[in-house]
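Architecture and fold: a report
The residues making up each chain are set out below.
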Amino acid sequence: MIAEPQDAPDIYGVIQRADTVGMFQIESRAQMASLPRNHPEKFYDLVTQVALIRPGPITGAMTAPYLKRRQKKELVTYPHPSLKSVLERTLGVPLFQEQLLKMAMICANFTGGEAEELRRALGNKRSKQKMMEVEVRLRAGMTKNGIAPKSQDEIVQFITSFALYGFPESHSASFALIAYATAYLKVRYLAAFTAALLNNQPMGFYSAATLVKDAQRHGLRVRPIDVTCSDWNCSLEKADGKIMMRVGLRYVRGLQQIAGESLVLARKQHQFGSIEELARRVPELSRGNLRMLAAIGALNQIGDQGLHRRDALWQVEKAGQRVGELLEGIMDQDAASPLVQMEVEERLVSDYHGTGLTVGPHPMFYQREEMRSLNIKSAAELRETKHGKKATVAGAVITRQRPGTASGLIFLTLEDETGNANVIVMPHIYEKYRQLVLESKFIRVFGVVQNQDGIVHLKAEHVEKLTFSAIAITSHDFH
């Protein structure tokens, strides 16, 4: 028996708004598109939410009626009056396997053994022949009980659709409990929750870069990788009474765990005084590792001088030039780097190339002035645009989904510095812009805004590749 969590309005508030990036089970596009309609207010609402977005309910045409009834846009009805006790809790719509079995027992006089046979027939390795036999027995039993053919058709549709996989209620409750727990942790312990997600990648729908940007928009201060204080995993720090997250060495591209952990162990003995000392005391670090650490700014805090990235790169190269015993101990008169500091855009490119993420502004932040001049809306502005209006949005493609139950539709999520914009690509538009939709990392999309029930999409009519004059982030580097 699952102990239901205490209902907390602030937790359900973020779920109702579909602000669910990183939350178990309810972070997909399909879940986000239904959360504002279902508007979960208590734990059992989450149980039904988990069950709704499944091939069985979707194919069996159960999802839409349930959501309309939740919104009081449709009356609650039952296929037959005898089924009210079974379906009342789910508004007359069967969502769980147990309900289907009880329906068969009530409407068609199935015995417990026959209901178990039905459950097996509904399994993933279902037999078409067995399903046909079950349907014949269902109709015979319903006819004997005087159930009209139209009601029989509806009941059979409900039951046979679950052959495409419907959840047992117990499974859904277990998943809902984890979904609530992740929502609770994100709302109340954002730093620890984000660190835990990043330390267990890959998982879920979103990249580390997207998880970091989402956490920052929710108020989390994220510190960059720094060899003077980063652990192998992402960790928590406290400053000015606030808890922050420090990105771990695990996100340095090409750095093996044994080298990262050796660095942390050496630092615990005593802090590094120079890049040369780091290279000497942690021989597990290759020259390539040191260059990468320098390029992402992870060596800037070594010593008392305060380095910039090209200073560090210069010193990495000097550290690799071994001198003989005769010259050891002689002060280096040419310690200063002749290289200029990286520009903001160069640091951004280095961040994505070296770690797959940045703790600084999103790449679209640097393009916002140009975007405004082209009348391109941010994700936040799109959410305020009225239904039926034409609009253009642009951003990084962070998800592409083509569900088997979506009749060929492609769902894209574009990310910018203000959040995420959801794009629907119809099959004929997809065929026209297939390569752009599938391969381009940054795109701009023109289309018609669909803004209903708190859910906003842009229905694409035209897709273009978005190019930057100053930022050259490749698909390999970004995410």
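Here, every reference points to the structure presented above.
Every value quoted in this text rests on a predicted model; they were computed, and no experiment measured them.

Moving on, we come to helix 18 (residues 344-355). The α-helix winds at 3.6 residues per turn, so residues separated by three or four positions along the chain end up facing the same way. Taking 1.5 Å per residue as the helical rise, helix 18 with its 12 residues ought to reach 16 Å, and the 16 Å between its terminal C-alpha atoms agrees with that figure. In the segment just after helix 18, G356 is the residue with positive phi, at about 80 degrees.

Examined against the element boundaries, G447 turns out to sit in strand 7 (residues 442-452). A C-alpha to C-alpha distance of 5.7 Å links G447 and K390, two positions 57 residues apart in sequence. Setting aside residues no more than four positions away along its own chain, G447 makes contact with K389, K390, A391, L458, K459, A460 and E461.

Let us now look at the sheet that holds strand 4 (residues 390-401). What holds strands together in a sheet is hydrogen bonding between their backbones, with the strands either parallel or antiparallel. The strand order around the closed barrel built from 5 strands is 4-5-6-8-7, with neighbouring strands paired in mixed fashion. Each neighbouring strand pair of the sheet contributes to a mean axis angle of 55 degrees, computed without reference to strand direction. Bridging between strand 5 (residues 410-416) and strand 6 (residues 419-425) involves 7 bridges; their strand directions are antiparallel. Each bridged residue has a counterpart across the sheet, and for D416 the counterpart in strand 6 is G419.

The subject of this paragraph is the sheet that holds strand 2 (residues 235-239). The 3 strands are arranged 1-3-2 in an open sheet whose pairing can be described as mixed. On the outer flanks of this sheet lie strand 1 (222-223) and strand 2, each paired with one strand and no other. In the sheet, strand 1 pairs with strand 3 (residues 242-246) via 2 bridges, with the strands oriented parallel. In the strand pairing of strand 3, V222 is matched with M245. In the packing of helix 12 (residues 190-198) onto the sheet, contacts are made with strand 2 and strand 3, and the angle to strand 3 comes to roughly 10 degrees.

Turning our attention to unusual backbone geometry. Going from Q201 to P202, the amide bond is cis rather than trans, its omega being 0 degrees. Structurally, P202 is set in the loop between helix 12 and helix 13 (208-217). In this model, A18 sits at a positive phi of 60 degrees, which is unusual for a non-glycine residue. Tracing the backbone through its elements, the reader meets A18 in the loop between helix 1 (9-16) and helix 2 (29-38). One non-glycine residue, D240, lies in the positive phi region at around 55 degrees. With respect to the secondary-structure elements, D240 resides in the loop between strand 2 and strand 3.

Looking now at the packing of helix 1 against helix 11 (residues 169-188). Interhelical geometry of helix 1 versus helix 11 gives an angle of 105 degrees and a closest axis separation of 9 Å. Overall, the two elements helix 1 and helix 11 adopt an arrangement that is roughly perpendicular. Residue-level contacts link D10, I11, Y12, V14 and I15 of helix 1 to Y180, A183, Y184, V187 and R188 of helix 11. Taken together, the residues of the contact of helix 1 with helix 11 sort by class into 8 nonpolar, no polar and 2 charged.

Right, let's talk about the side chain of S172 for a bit. Here S172 is to be found in helix 11. The contact partners of S172, leaving out residues within four places of it in the chain, are V47, V50, A51, F96 and F167.

Within strand 5, 7 of the 7 residues are buried, which leaves the element mostly enclosed by the surrounding structure. Connecting strand 5 to the antiparallel partner strand 6 that follows it, the hairpin turn spans 2 residues.

The subject of this paragraph is the packing of aromatic side chains. For the coordinates displayed, the defined rule picks out 5 aromatic pairs. Through a chain of ring-to-ring contacts, three or more aromatic side chains come together here, namely Y12, Y180 and Y184. Between the NZ or CZ atom of R89 and the centre of the ring of Y44, over which it lies, the distance is 3.5 Å.

Reading guide: rules and limits
Residues numbered from 1 in each chain as written. Predicted model: local features only at pLDDT ≥ 70, side-chain atom pairs only at ≥ 80, totals over all residues. Heavy atoms only, no water. Helix = DSSP H or I, 4+ residues; strand = E, 2+ residues; numbered from the N terminus. Expected span 1.5 Å × (residues − 1). Contact = heavy atoms within 4.5 Å. Pairing = 2+ DSSP bridges. Axes fitted to C-alpha atoms, helices over the stretch in contact; angles between N-to-C directions. Parallel < 35°, antiparallel > 145°, perpendicular 65-115°, else oblique. Nonpolar A, V, L, I, M, F, W, Y, C, P; charged D, E, K, R; others polar. Buried < 20%, exposed > 50% of the residue type's maximum accessible area, 1.4 Å probe, protein only. Phe/Tyr/Trp six-rings, centres within 6.5 Å; stacked < 30°, edge-to-face > 60°. Lys NZ or Arg CZ within 6 Å of the ring centre and 35° of its normal.

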